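Here is how the chains run, residue by residue.
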Amino acid sequence: MKVTIVGAGNVGATCADVLMYRQIAHEVVLIDIKEGLAEGKALDMRQSANILGSATRITGVTNDYSQTANSDVVVITSGVPRKPGMTREELIGINAGIVKSVIKQALEYSPNAIIIVISNPMDTMTYLALKESGLPKHRVIGMGGILDSARFKSYLAAALNCPQKDVEGVVIGGHGDTTMIPLTRFATYLGVPVSQFLSQEQLKKIADDTMVGGATLTKLIGTSAWYAPGAAGAVLVESILADQKRLFACCVALDGEYGQKDICLGVPVIVGKNGWEKIIDFQLNAEEQALFNKSAEAVRNMNNLLATLAL
Ligand code: APR
């Protein structure tokens, strides 16, 4: 199985590294517009594959999409990362142009690929990718919810003082600081609702911390995060290539599900060899549904901006 990662920056390279280290793909191609960057990172990773005993073949190319031909999955991380104080929304103009041109070139050589979008603002970039590609909706997936859910679980585990793998939790809605919805009601500690162990005040703080999880990191590092985003992209690829049918929160096209239409937004989906295969209805209560509708409204406003941009 072959995977192309567009953008050999922090997120793309980390995603490639996880794919290589865990031997998720047989072949990984990193592609970037910056001369030598993808080649250099791929060379470094190839040498680490030797140390780690990975059989994954990894190559890097500058702008040469012919090398990406016949990829099963194309992961789009190309774009400009968020700088401190910058919202994901401010990135839209720059990243929309990049995503549009990348989709066209990648699909020319890999017409059967499943597209994963990581570039921000992710919900709008996923919508753009869907519209521009003309692909069936099941083949376009935005990654954000896996990352947001990971941050949610990480904060929950810290509050519970337990191993992260004993915690379950999911974040749906948009992938923005104000649009994501940590579903605290469904979060569990080994299957038991976390509300049995944590106060409402603690749970509120965990949800708040989750929502600004990306901004917290941007403030600390000076650019947006990459370890968790890259790893989240890799597990999404893994569920597709190995047809694992994992249940993830991902940004997908809604057609009436969760009360929304003509929008890509984070909901729980089964992911397998056909891309996202089925949306799972978590039966939101009135309060959660109201938050979801509000999130959709914000993302829709951003999507409408696309129409005003000369891409
Ligand atoms: N084609 C290919 N690569 C491109 C293009 C393009 N048209 N335009 C930009 N790039 C490359 C840049 O050269 C850079 O190497 O995309 C890479 C982006 O890497 P970083 O700047 O390190 O950004 P990163 O932290 O990886 O974030 C990438 O993911 O999480 C989101 O908000 C983040 O949108 C951003 C994306």
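Residues numbered from 1 in each chain as written. Predicted model: local features only at pLDDT ≥ 70, side-chain atom pairs only at ≥ 80, totals over all residues. Heavy atoms only, no water.

**Structural notes on the packing of aromatic side chains**
One pair of aromatic rings is described through two measures. These are the centre distance and the angle between the planes.
Part 1: Throughout the structure, instances matching the rule amount to four aromatic pairs.
Part 2: Ring centres 5.6 Å apart and planes at 45° place the aromatic pair Trp226 and Tyr227 in the tilted group.
Part 3: By relative accessible area, Trp226 is classed as buried at 19%.
Part 4: Its relative accessible area of 62% is what places Tyr227 among the exposed residues. (Phe/Tyr/Trp six-rings, centres within 6.5 Å; stacked < 30°, edge-to-face > 60°. Buried < 20%, exposed > 50% of the residue type's maximum accessible area, 1.4 Å probe, protein only.)

**Points about the site of the ligand**
Part 1: Around the ligand sit 21 residues, and of these Asn10, Val11, Asp32, Thr77 and Asn120 come closest.
Part 2: Between Gly79 and the ligand, the recorded distance is 3.4 Å, taken from a backbone N or O atom to an oxygen atom.
Part 3: Between Asn95 and the ligand, the recorded distance is 3.5 Å, taken from a side-chain N or O atom to an oxygen atom.
Part 4: Counting only elements with at least two residues in the shell around the ligand, the list comes to helix H1 (10–21) and helix H3 (92–109). (Near = heavy atom within 4 Å. Polar contact = N/O pair within 3.5 Å; in protein donor to acceptor, adjacent residues only side chain to side chain. Helix = DSSP H or I, 4+ residues; strand = E, 2+ residues; numbered from the N terminus.)

**Topic: the side chain of Asn303**
Part 1: Locating Asn303 in the fold gives a position in helix H9 (residues 286–308).
Part 2: In contact with Asn303, not counting residues within four places along its chain, are Asp123, Thr124, Tyr127 and Ile263. (Contact = heavy atoms within 4.5 Å.)

**Points about unusual backbone geometry**
Part 1: Residue Pro121 is reached from Asn120 by a cis peptide bond, and omega for that bond is -5°.
Part 2: Along the chain, Pro121 turns up in the loop between strand E5 (114–117) and helix H4 (122–133).
Part 3: One non-glycine residue, Asn70, lies in the positive phi region at around 65°.
Part 4: Locating Asn70 in the fold gives a position in the loop between strand E3 (57–62) and strand E4 (73–76).
Part 5: Classification of Asn70 as exposed rests on a relative accessible area of 59%.
Part 6: The backbone phi angle of Asn161 is positive, close to 55°, even though this residue is not glycine.
Part 7: Tracing the backbone shows Asn161 in the loop between helix H5 (144–160) and strand E7 (167–168).

Take it as geometry only, folks, not as evidence of what the structure does.
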